[in-house]
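# Overview (structure and organization)
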Amino acid sequence: MKASPCFRPCRIPCFAPMTEATLMPRTKYKLSQKSFVSLAKHAEVEVNGSMSLPLVSPTLLASEKEEAKAVLTLFLKRQGLSNAVAARTINKSDAFVDHLVSHLHSVYKSRYVVGRELTTLEIRDALVPYLEAFHDEYGPILVDVFENFPDVSSVKESSEENTTKQPVIESSTPIASLDSAAESKKAKALARVNAFNSTGKLPPHIAYLLELGMDMQTIKEIIRKFPSFAYYSLDGKIKPVVEYLLSLGVSKEDIPNIISKRPQLCGISLTENLIPTMAFLEDLGVDKRQWAKVICRFPALLTYSRHKLKSTVDFLYEMGLSGEHVSKVLTRYPNIISYSVENKLRPVVKYFRSLDIDVSAILYRSPQAFGLSIEENLKPATDFFLEKGFSSEEIATMASRYGALYTFSLSDNLTLKWEFFLTMVYPRPELVKFPQYFGYSLEDRIKPRYETMQNCGVKLLLNQMLSLSKDDFLKLLEKKMQRKI
């Protein structure tokens with residue numbers, strides 16, 4: 001996830017002005033050890049600076065550090081530092097950058113468990129409020145904290161050395177926790193939703209969303225998850241994005257759902273991000289006529305950097321997919337972009353190859369299988385079929401023919417359908433030939449058709465019984481019965 005200049009901050013709240021002079025090292029303020037411990041605990045970092053990072057690939061870790069540096073650089077410049085001073089501070093703040101990455105891993109634990117990479121917007125949304133809390137906590141000695149992190153004692157000594165005539169004054173006001181600060185920000189953002197102006201009207205962007213069909217409760221839920229949305233302007237952010245989505249063929253009825261799933265979309269620049277990203281995807285072969293479906297299925301697609309998009313596409317080509325197939329995979333299952341190539345996709349490829357499964361076939365036919373957990377989904381499914389007497393070769397054949405086989409629940413699907421299969425007149429090899437059996441509804445398709453076939457006193461192949469349309473199924477039964485006579 002290379003830091004991309006095409007992503008701009010949505011809206012970072014204004015802080016008290018800070019000049020380079022007031023942010024220079026060796027200030028005359030005493031740093032509170034208690035405050036540091038509070039921040040360190042919040043980010044799951046020990047006071048001595050040691051970190052507990054999830055196991056991620058070196059490539060992903062390096063990318064996240066670059067993203068963290070980009071956010072920190074922008075944050076420092078927003079405080080009044082020049083480009084040179086901000087760059088110098090970044091170069092001296094390696095430990096603090098690692099700390100920010102650790103904070104990302106803490107905030108998005110569930111994302112790392114399933115191997116999904118973070119978008120640039122998600123990284124920014126996690127780090128900006130956290131940096132704001134540091135700003136509120138340390139004020140003028142912020143640069144000292146960044147550069148010396150986590151060595152608090154050196155910052156204190158430097159501060160005390162420069163305190164000559166003025167006594168050190170410690171505030172008696174308790175410092176709000178980061179969680180409290182976040183809740184306060186949410187409360188202020190929610191208050192804007194019902195803030196009627198002097199004419200008794202709702203804020204323009206709230207009224208506009210209501211006109212689109214979004215209810216007030218949904219709007220509040222969006223703001224609870226993403227407070228910055230409350231400050232988006234109607235004409236500058238929300239309306240242009242909505243109109244652009246409509247121009248791509250997205251129906252007005254789908255707009256509320258898209259915004260609910262990914263409100264950050266409204267904070268992205270049309271000219272610098274959305275339009276270039278769409279052009280990039282079109283160059284990759286994604287069918288323009290399918291834009292509406294793709295966006296409705298996975299609106300987060302538009303928030304990923306082009307570097308991330310390209311890395312996934314390169315992986316698909318590497319796996320042997322043609323340009324046409326890559327286009328169809330991205331159209332049918334755009335969520336695959338969210339999976340980490342190194343931490344998610346490649347391990348699944350390795351597992352399937354260990355079973356001699358045709359990776360390119362399953363990737364094309366059922367890309368969602370690559371988002372499953374190896375330990376919790378794939379291995380249990382393999383063990384299930386082995387226990388039922390299928391050989392490894394037969395399992396590989398079944399999976400290659402029907403990639404969705406691995407996406408079904410053991411208890412709610414595979415077990416129930418297997419038990420019913422044992423009551424039918426078909427031998428086990430029929431499942432090897434037609435594993436799609438597990439994709440049909442047991443109650444609505446399999447049982448009724450099998451009962452009809454039995455009542456007619458004839459036998460069809462398993463795929464004939466299930467895959468034919470209702471009319472063709474009945475015609476074939478009638479034909480079989482006539483031959484029997």
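Predicted model only: the values in this text are computed from it and were never measured. (Residues numbered from 1 in each chain as written. Predicted model: local features only at pLDDT ≥ 70, side-chain atom pairs only at ≥ 80, totals over all residues. Heavy atoms only, no water.)

## Thoughts on the overall build of the protein chain
For the protein chain, the helix and strand inventory stands at 26 helices and zero strands. Buried positions account for 48% of the 485 residues belonging to the protein chain. Total accessible area on the protein chain stands at roughly 23,600 Å², and carbon and sulfur atoms take up 52% of it. (Helix = DSSP H or I, 4+ residues; strand = E, 2+ residues; numbered from the N terminus. Buried < 20%, exposed > 50% of the residue type's maximum accessible area, 1.4 Å probe, protein only. Areas by Shrake-Rupley, 256 points an atom, 1.4 Å probe, with all protein chains shown as cover.)

## As for helix H3 (residues 83-91)
One turn of an α-helix holds 3.6 residues; hence residues three or four places apart share an orientation. Taken together, the buried positions of H3 are occupied by Val85, Ala86, Thr89 and Ile90. One side of H3 holds all its buried residues, which, seen down the axis, span an arc of 140 degrees. Turned more than 90 degrees away from the buried face of H3, the exposed residues are Asn83 and Asn91. (Arc of directions from axis to C-beta.)

## Describing the packing of aromatic side chains
Counting across every chain of the model gives 18 aromatic pairs. Between Tyr351 and Phe352, the aromatic rings sit 6.1 Å apart at their centres with planes inclined by 50 degrees, giving tilted as the arrangement. Like Phe352, Tyr351 is buried. Among the aromatic residues, those joined into a cluster by ring pairs are Phe384, Phe385, Phe390, Trp418, Phe421, Tyr437 and Phe438. The aromatic ring of Phe408 is capped on one face by Lys417, whose charged end is 5.9 Å from the ring centroid. (Phe/Tyr/Trp six-rings, centres within 6.5 Å; stacked < 30°, edge-to-face > 60°. Lys NZ or Arg CZ within 6 Å of the ring centre and 35° of its normal.)

## Concerning unusual backbone geometry
At Asp356, a position not held by glycine, the phi torsion is positive, near 65 degrees. With respect to the helices and strands, Asp356 occurs in the loop between helix H18 (341-354) and helix H19 (359-365). Look at Asp356 and you get exposed, because its relative accessible area is 67%.

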